[in-house]
Amino acid sequence: MAAIHLKNVAHSYIESPKSQADFALKQLDHVWEDGGAYALLGPSGCGKTTLLNIISGLLKPSEGCVLFGEEDVTETDTSQRNIAQVFQFPVIYDTMTVRENLAFPLRNRGVPVKEIIKRVDEVAGMLGLGDQLDNRASGLSADMKQIISLGRGLVRSDVNAILFDEPLTVIDPHMKWVLRTKLKELHRQFGFTMVYVTHDQTEALTFADKVVVMHDGEVVQIGTPEELFAKPAHTFVGYFIGSPGMNVLPAKVDGNDAVIDTMTIKLTQSYGALSGDVEIGIRPEFLKLVPADKSDIHVHINSIEDVGRHKIARCQLGEQTLAVVVPENEHVPIGTMGIKFDPAHTHVYQNSRLIEGVS
Ligand code: ADP
Ligand code: MG
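Note that this is a predicted model, so its numbers are computed, not measured.

Trainee: Would you mind going over the overall build of the protein chain with me for this structure?
Mentor: Assigned secondary structure in the protein chain consists of nine helices and 22 strands. Every one of the 359 residues in the protein chain was classed for burial, and the buried ones make up 50%. By element, 51% of the accessible surface of the protein chain is carried by carbon and sulfur atoms, the whole surface being about 16800 Å². A distance of 4 Å separates the average location of the 33 positive side-chain charges in the protein chain from that of its 46 negative side-chain charges.

Trainee: Is there a simple way to think about the packing of aromatic side chains in this case?
Mentor: Geometrically, a pair of aromatic rings is defined through the distance of the ring centres and the angle of the planes. One pass over the structure, following the stated rule, counts eight aromatic pairs. With a centroid separation of 6.0 Å and 25° between ring planes, the pair formed by Phe190 and Phe192 is classed as stacked. Look at Phe192 and you get buried, because its relative accessible area is 6%. Among the aromatic residues, those joined into a cluster by ring pairs are Phe164, Tyr196 and Phe207. Between Arg119 and the ring centre of Phe190, over which it is positioned, the NZ or CZ distance is 5.6 Å.

Trainee: Looking at this structure, I do not really get the site of ligand 1. What am I missing?
Mentor: Inspection of the region around ligand 1 gives Tyr13, Ala24, Pro43, Ser44, Gly45, Cys46, Gly47, Lys48, Thr49 and Thr50 as its neighbouring residues. One of the side-chain nitrogen or oxygen atoms of Tyr13 is found 3.4 Å away from a nitrogen atom of ligand 1. The separation between an oxygen atom of ligand 1 and a polar side-chain atom of Thr49 is 2.8 Å. Taking 560 Å² as the accessible area of ligand 1 by itself, protein coverage stands at 53%. Taken together, the residues of the shell around ligand 1 sort by class into four nonpolar, five polar and one charged.

Trainee: Would you explain the packing of helix α3 (residues 98-107) against helix α5 (residues 142-154) in this entry?
Mentor: Angle between the axes and distance between the axes are the two parameters that describe a pair of packed helices. Remark: α3 packs on α5, axes separated minimally by 7 Å, with the N-to-C direction vectors making an angle of 30°. Taken together, the axes of α3 and α5 are roughly parallel relative to one another. As α3 runs across α5, the sense of the crossing is right-handed. Here α3 contributes Val98, Asn101, Leu102, Phe104 and Pro105 to the contact with α5, which in turn contributes Ile148, Gly151 and Arg152. By residue class, the composition of the contact of α3 with α5 is five nonpolar, two polar and one charged.

Trainee: I keep staring at the domain arrangement of the protein chain and nothing clicks. Help me out?
Mentor: Note: interface size is frequently given as the accessible area lost on complex formation between the parts. Examined at the domain level, the protein chain breaks down into domain 1 (4-236) and domain 2 (243-355). On a C-alpha basis, the centres of domain 1 and domain 2 stand 38 Å from each other. Facing the nine residues of domain 1 at the interface are eleven residues of domain 2. For the pair domain 1 and domain 2, the two sides together bury roughly 980 Å², of which 56% comes from carbon and sulfur. Of all residues in domain 1, Phe229, Pro232 and Thr235 bury the most surface against domain 2, accounting for 55% of the area lost on that side. Viewed at the interface, domain 2 and domain 1 are joined by one salt bridge. Residue Glu218 pairs with Arg353 through a salt bridge whose shortest N-O separation is 3.0 Å. Connecting domain 1 to domain 2 are seven residue pairs in polar contact (both at pLDDT 80 or more). Of the residues forming the side of domain 1 that touches domain 2, the biggest block, three residues, is contributed by helix α8 (residues 225-230).

Trainee: Even after reading the chapter, I still don't get α3, so can you show me in this structure?
Mentor: Along α3, the positions that sit buried rather than exposed are Val98, Asn101, Leu102, Ala103, Pro105 and Leu106. Buried-residue contacts for α3 involve α4 (113-126) and α5.

Trainee: Could you clarify how one ought to interpret the nonpolar core in this entry?
Mentor: Soluble globular proteins tend to bury their nonpolar side chains together. Counting residues in hydrophobic clusters, the biggest one holds 48 residues, and the most contacted among them are Leu129 and Phe164. Those residues in contact with Leu129 that sit more than four places away from it in its chain are Val98, Leu102, Ala124, Met144, Ile147 and Ile148. Grouped together as the second largest cluster of nonpolar side chains are 29 residues, Ile260, Phe286, Ile339 and Ile355 included.

Trainee: For this particular structure, what's the right way to read the sheet that holds strand β8 (residues 193-198)?
Mentor: Each strand in a sheet pairs with its neighbour through backbone hydrogen bonds, running either in the same direction (parallel) or in the opposite one (antiparallel). Pairing within the open sheet is mixed, and its six strands lie in the order β6-β7-β8-β3-β9-β10. Each end of this open sheet is capped by a strand with a single partner; those strands are β6 (83-86) and β10 (218-223). Neighbouring strand axes in the sheet, compared pairwise and without regard to direction, differ in orientation by 15° on average. Examined bridge by bridge, strand β3 (residues 37-41) and β8 share five bridges and lie parallel to one another. Bridging from a neighbouring strand, Tyr38 pairs with Val195 of β8.

Rules used throughout
Residues numbered from 1 in each chain as written. Chains lettered and ligands numbered in written order. Predicted model: local features only at pLDDT ≥ 70, side-chain atom pairs only at ≥ 80, totals over all residues. Heavy atoms only, no water. Helix = DSSP H or I, 4+ residues; strand = E, 2+ residues; numbered from the N terminus. Buried < 20%, exposed > 50% of the residue type's maximum accessible area, 1.4 Å probe, protein only. Areas by Shrake-Rupley, 256 points an atom, 1.4 Å probe, with all protein chains shown as cover. Lys, Arg positive; Asp, Glu negative; His and termini not counted. Charge placed at Lys NZ, Arg CZ, Asp CG, Glu CD. Phe/Tyr/Trp six-rings, centres within 6.5 Å; stacked < 30°, edge-to-face > 60°. Lys NZ or Arg CZ within 6 Å of the ring centre and 35° of its normal. Near = heavy atom within 4 Å. Polar contact = N/O pair within 3.5 Å; in protein donor to acceptor, adjacent residues only side chain to side chain. Nonpolar A, V, L, I, M, F, W, Y, C, P; charged D, E, K, R; others polar. Axes fitted to C-alpha atoms, helices over the stretch in contact; angles between N-to-C directions. Parallel < 35°, antiparallel > 145°, perpendicular 65-115°, else oblique. Left-handed = near helix turned anticlockwise from the far one by under 90°. Contact = heavy atoms within 4.5 Å. Domains from an automatic or database assignment. Buried area = accessible area lost by both parts, 1.4 Å probe. Salt bridge = Lys/Arg side-chain N within 4 Å of Asp/Glu carboxyl O. Core = buried A, V, L, I, M, F, W, Y, C linked by side-chain atoms within 4.5 Å. Pairing = 2+ DSSP bridges.

Written as structure tokens, this is what we have:
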């Protein structure tokens, strides 16, 4: 096994791209560490499958190269890259039995029969397919077929990496949870590099040690779930991760002051006079509602939702709306209240990117 380096990789499906907008994958330089558990997270159409297919070799990038360890594999086809890939929809042979389907990737590579029997039994056991092994695949439901596809991805013990492209889309919610937990266990047990594509933040955050967030063809942040929560590098990350997402408020920033609507908020760092699209980002967890006489900044509470663990207050600050997390036992009246911003978690964004000030 080896680290996978996407070196200055970019891809356009258009023959002669004219602008950044023509790239399905904007330029990226990233090393996927050997043995890492990664999630590739972003909405539909943001370039996740494009990136995954470049790693597996189904797609040759229009720019840059792919290295496995020191070896340049950009021109090497999929079968020689030693990568297992599980797709969104089942890829199995209907005419074969479940056992034959699971054995296929091993037979194909000339693995000794004894080893095949052992691996197929192991994988079937892990995925709960033990009593289905002699059934023909054609008679099975769509989600059973997808579990077999997963098994085909997991059966080889000699792979560089296993890539999963939204593999649980057709699986029912409870089974989804079971399988995701299994994949995580397998990662711990065997230590393969795994890249798991999803548009679902819960899936990404529970599976991965590192989450790669994509937006509009661009990798906008790579980090642990904690890092993505605490310090979103792009307003999209703030908004896409979290429930509800980060509040993003247009502001004027000058020195240590951010003016939102007509209210001034003190920042912990100084930013000079910022130009371009300037916004303040703060997660609902780091705003606090207080009695009106306890803060200079006032909001109007529009509504309160009870979501179980806590409540979410929807507030009006001048023209802007804000979400605030309120502890379950705290009473919030509809009407005017004061609000406090936690300065340590109040971030400044310029043209959607997080910027650092000076202390
Ligand atoms: P995701 O997997 O995140 O949904 P994709 O990588 O499939 O995104 O697609 C990224 C962009 O590239 C989309 O705009 C999509 O329409 C476009 N695209 C994907 N595959 C092709 C293709 N074979 N030819 C042309 N455009 C494509
Ligand atoms: Mg896709």
